[in-house]
Amino acid sequence: MTASRRTPLLKGQHLLAIADVSPAEIEALLELAGKYVEVNRQIEKRHALLGGRTQVNLFFEASTRTQSSFEIAGKRLCADVMNMAVATSALSKGETVLDTAMTINAMHPDFLVVRHPSSGAVELLAQKVSCSVVNAGDGQHEHPTQALLDALTIRRRLGRIEGLIVAICGDVLHSRVARSNIHLLNKLGARVRVVAPSTLLPSGIENFGVEVHRNMADGLANADVVMMLRLQLERMSGAFVPSSREYYRFFGLNEEKLKYAKPGALVMHPGPMNRGIEIDSNVADGVQSVIREQVEMGVAVRMAVLDALSRNIPGGANS
Amino acid sequence: MMAPAHEAARRRAYLNAHIVAPAQGLNGKGGILIEDGWILAVGPQVTRETAGPGTAVTDCKGLTLIPGLIDMRVFTGEPGTEYRETLASASEAAASGGVTTMIVMPNTQPAIDDAAIVDFIMRRARDTALVRVAPMAAITKGFAGEAMTEIGLLKEAGAVAVTDGTKAVANANLLRRALTYARDFDMLVVQHIEEPSLATGVMNAGEIAGRLGLSGIPAMAEVILLERDLRLVEMTGARYHAAQLSSRHSLDAIRAAKQRGLPVTCGVSIHHLTLNENDIGAYRTFFKLSPPLRGEDDRRALVEAVADGTIDVIVSGHDPQSADTKRLPFAEAAFGAIGLETMFAAALGLHHNEGLKLERLVEAMASAPAKILGLETGRLAPGAPADFALADLHLNWKVEDDILRSRAKNSPFEHRTLEGRIVETLVAGRSVYTYSL
């Protein structure tokens, strides 16, 4: 990677939303991430690229997999990684997001990886700090690294994104994963469908560049990829679906419903899964499932993002 | 600000202005003659010759003279959250925007739901404010939506209307009783029209909310409550005012009610006439308003409805919020924007760019609220208080923190250049504001 190290890949200082990045930038990130997949499969995984750089993972919302994925990514690139779980500490003492961010910013981190339960919170924070900010999920808005790792998974399995039929199924309304994926897959030329009961679709979804389906038979027909979403029971204020039993009956992915899709279609899930609600264990653990591969790609993608952003920092990465 | 000449001469004349006073049918060159805070004469006949000897004279060539504006929807932080705004600081903002009467909302801490608090507001205003202040009082005790306030006593103390301000009275039976009771006192009932169970979101429901991942408030939340309320007005015959319309669908309901002869009026905020949901952009919280900014179709329909008189009143909706309530993620930030200082200038934008007649705008910001609230101001007529303002319709100015006199700086027009502004404001014949660069 020595040759490409100094080549800028991203225009911006931050990675906040897939909506803001161009198809070319996405391609470049995916290509770089592909190389990190190979690095991660070697015995010696460390790469001195970000030695002396500080990465703070600022999580205002509980997370296991995303936070550990970012942590491993940073550590493999030799950054000093610190995790801050603020969900229960400073905020409960009346400190605002910005106060917390400014406090950490004053310690001169190079990267701030932020997750927050409110849409737009990461953007707000990025306006006020001097380091590079990576959005690790803001409310119901975007989760850009998830979309990138999903794209990397699909591309490594099926060889391309363009022209594929991707069905995103379930709680689109509350899902930042869905929004980022819709942007990214459209930018790379896939045909995107959403499949959900109308109560779990955001208003104006027809104008997002997707085909909208209200049942799995139509939505999955001939699909190359079936992307299941977590039913965000914790985000639901009020009744969106009558019960998880009813939801499973009509929208839960089991072997029977998977038959609507193309033979061998990929089954994906951003995790954590509600087994028996949106996805059946047989399918989640079945031969068509690439769910664990998504997790592997996650580390590589996050390394690529940190690498790419470091090229925009004055002084850049270590050479 | 008081010119020494004022004390020397009790009589003062402002001459050669372009006078716009729709309630008096004035729209042309003329002057105004005042004495001891009252208007003696107004119109083309007031000239240097007719003003008489010993009259201090100001030449207003190139300026437009309008009645002092009456802003029917102003929030302050007094009592309770004075760091946001006091009656004094709000009145300074009002003066610089040509507003000579502020109708303050009862959403304070404690709430204005008791005659003693009304009295407090009146005394504080008398002692500290540059402009006239009249409060609206709550409809229900503590805005709890359970028990009716003492409407008769509140009126006696000086409340000009009852409203729960930022909250709607959701219980239909309670509102019905309040309307019935208010009618006996000829008290105006003002309602924030949003069905609370539908209005749980943070911006207009629609594609933009969907993309931003923000929860939406559908326009029908407004229409449903408005239509219900209009039926209650029909039942009770009370005078009812819908505080702020945001949706084009509400206009049909208002038109139909007016056609049926119901004693109904309505208002719109200057922000809903000049901005739309696209202005929110990347989660800009200064554009988070209640009711929410809606689409461009709605905005245009609202402008038309002001032009044709379906909408009676334009308000600023002035709601001072500090950084700690606005510099937050969008969903967590407070609703509201300041507007006292920019209302007239922004309205002029509608005149300059969208052909709205100036006399109609002045009517909606002065004589119409005066009529609805039964105030003696808002008109330029002999015997009326000398509350008026002078405006330069084409003076460009930039809305920046240092020019804003409000204690809070949450203006959606920040950094924008507006065409036209108030250059002098008089309350009871006394100059309370003069523009200087």
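Up top is the structure these notes are about.
This is a predicted model, so every value here is computed, not measured.

K.L.:
What should I look at first to understand the overall build of chain B in this one?
P.N.:
Scanning chain B for helices and strands turns up 14 helices and 18 strands. A compact globule built from 437 residues should have a C-alpha radius of gyration of about 22 Å, and chain B, at 21 Å, falls within 12% of that. In terms of its C-alpha atoms, chain B occupies a principal-axis envelope of roughly 65 × 50 × 45 Å. Here chain B, with 437 residues, has 61% of them falling under the buried criterion. With the model as given, the accessible surface of chain B reaches about 15,800 Å², and the carbon-plus-sulfur share is 50%. Here chain B contributes 44 positively and 52 negatively charged side chains, and the mean placements of these two sets differ by 2 Å.

K.L.:
Got a minute to help me understand a nonpolar patch on the surface in this structure?
P.N.:
A contiguous nonpolar patch, built from Leu198(B), Met220(B) and Ile224(B) and spanning about 240 Å² of accessible area, is present on the exposed surface. Inspection of the secondary structure assignment puts Ile224(B) in helix α8 (residues 220-236).

K.L.:
Looking at this structure, I do not really get the pairing of strand β6 (residues 191-195) of chain A. What am I missing?
P.N.:
Sheet faces and side chains relate simply in a regular strand, where the side chains alternate between the two faces. Residues and elements named next belong to chain A. In terms of residue burial, β6 counts as a mostly covered element, since four of its five residues are buried. For strand β5 (residues 165-169) and β6, the ladder comprises five bridges, and the chain directions are parallel. Each residue of the ladder has a partner; that of Cys 169, found in β6, is Val 195. Read from β5 through helix α6 (residues 176-187) to β6, the crossover connection turns out right-handed. In the sheet, β6 pairs with strand β7 (residues 211-213) via three bridges, with the strands oriented parallel. The residue bridging Arg 193 from the neighbouring strand is Glu 211, located in β7.

K.L.:
Help me out: how do you make sense of the pattern of salt bridges in this one?
P.N.:
A side chain with one charge can pair with a side chain of the opposite charge if their charged atoms come near. Residues and elements named next belong to chain B. One pass over the full model with this rule turns up 36 salt bridges over all chains. For Glu 78, the salt bridge is made with Arg 124, and the minimal N-O distance between the two is 2.6 Å. Of this pair, Glu 78 sits in the loop between β6 (69-74) and α3 (87-96) while Arg 124 sits in helix α4 (residues 115-128), and the two are 46 residues apart along the sequence. Residues Glu 354 and Arg 299 are paired through a salt bridge, measuring 3.0 Å at the closest nitrogen-oxygen approach. Here Glu 354, found in helix α13 (residues 343-354), pairs with Arg 299, found in helix α11 (residues 296-307); they are 55 residues apart in sequence, far enough to count as distant. Taking relative accessible area as the criterion, Glu 354 reaches 38% and is therefore assigned partly exposed. Overlapping salt bridges, with partners in common, bring together Glu 296, Arg 299, Arg 300 and Glu 354 in one network.

K.L.:
How do you make sense of the sheet that holds strand β7 (residues 99-104) of chain B when you look at a structure like this?
P.N.:
The strands that make up a sheet pair up through hydrogen bonds in the backbone, lying either parallel or antiparallel. Residue and element names in this part refer to chain B. If you trace the three strands from one edge of the open sheet to the other, you get β6-β7-β8, paired in parallel fashion. The outermost strands of the open sheet, each flanked by one partner alone, are β6 and β8 (132-135). Each adjacent strand pair in this sheet contributes to an overall mean axis angle of 20°, direction not counted. When β6 meets β7, the two strands line up parallel, connected through four bridges. If you follow Asp 71 over to β7, its bridge partner there is Met 102. The strands touched by helix α14 (residues 358-373) are β6 and β7; relative to β6, the strand with the most contacts, the crossing angle is about 65°.

K.L.:
I'm lost on the packing of helix α2 (residues 65-76) of chain A against helix α11 (residues 291-310) of chain A in this one. Help?
P.N.:
Packed helix pairs are characterised by how far apart their axes lie and by the angle those axes make with each other. Residues and elements named next belong to chain A. Between α2 and α11, whose axes approach to 8 Å, the crossing angle comes to 55°. Relative to α11, the element α2 is oriented oblique. Judged by the twist between their axes, the crossing of α2 over α11 is right-handed. Between α2, through Arg 65, Thr 66, Ser 69, Phe 70, Ile 72, Ala 73, Gly 74 and Arg 76, and α11, the contact on the second element is made entirely by Val 295, Gly 298, Val 299, Arg 302, Met 303 and Leu 306. Partitioned by chemical class, the residues of the contact of α2 with α11 number seven nonpolar, four polar and three charged.

K.L.:
Could you clarify how one ought to interpret the interface of chain A and chain B in this entry?
P.N.:
How large an interface is tends to be reported as the accessible area lost when its parts come together. The interface is formed by 21 residues belonging to chain A together with 16 residues belonging to chain B. Taken over both partners, the interface formed by chain A and chain B buries close to 1,400 Å², and the fraction arising from carbon and sulfur atoms is 56%. When the buried surface of chain A facing chain B is broken down by residue, Ser119(A), Ser203(A) and Phe208(A) rank first, second and third, together holding 26% of it. In this assembly, chain A and chain B are joined by seven residue pairs in polar contact (both at pLDDT 80 or more). Secondary-structure elements contributing two or more residues to the side of chain A that touches chain B are α3 (97-105), α4 (121-126) and α6 of chain A. By residue number, the principal contributor to the side of chain A that touches chain B is α4(A), which donates three residues. Considering only residue class, the side of chain A that touches chain B consists of six nonpolar, eleven polar and four charged.

The rules behind these values
- Residues numbered from 1 in each chain as written.
- Chains lettered and ligands numbered in written order.
- Predicted model: local features only at pLDDT ≥ 70, side-chain atom pairs only at ≥ 80, totals over all residues.
- Heavy atoms only, no water.
- Helix = DSSP H or I, 4+ residues; strand = E, 2+ residues; numbered from the N terminus.
- Rg over C-alpha atoms; globule rule 2.2 N^0.38 Å.
- Buried < 20%, exposed > 50% of the residue type's maximum accessible area, 1.4 Å probe, protein only.
- Areas by Shrake-Rupley, 256 points an atom, 1.4 Å probe, with all protein chains shown as cover.
- Lys, Arg positive; Asp, Glu negative; His and termini not counted.
- Charge placed at Lys NZ, Arg CZ, Asp CG, Glu CD.
- Patch = residues over 30% accessible without salt bridge, like charges linked within 9 Å, V, L, I, M, F, W, Y side chains within 5 Å.
- Salt bridge = Lys/Arg side-chain N within 4 Å of Asp/Glu carboxyl O.
- Pairing = 2+ DSSP bridges.
- Right-handed = clockwise from strand over helix to strand, strands pointing away.
- Axes fitted to C-alpha atoms, helices over the stretch in contact; angles between N-to-C directions.
- Contact = heavy atoms within 4.5 Å.
- Parallel < 35°, antiparallel > 145°, perpendicular 65-115°, else oblique.
- Left-handed = near helix turned anticlockwise from the far one by under 90°.
- Nonpolar A, V, L, I, M, F, W, Y, C, P; charged D, E, K, R; others polar.
- Buried area = accessible area lost by both parts, 1.4 Å probe.
- Polar contact = N/O pair within 3.5 Å; in protein donor to acceptor, adjacent residues only side chain to side chain.

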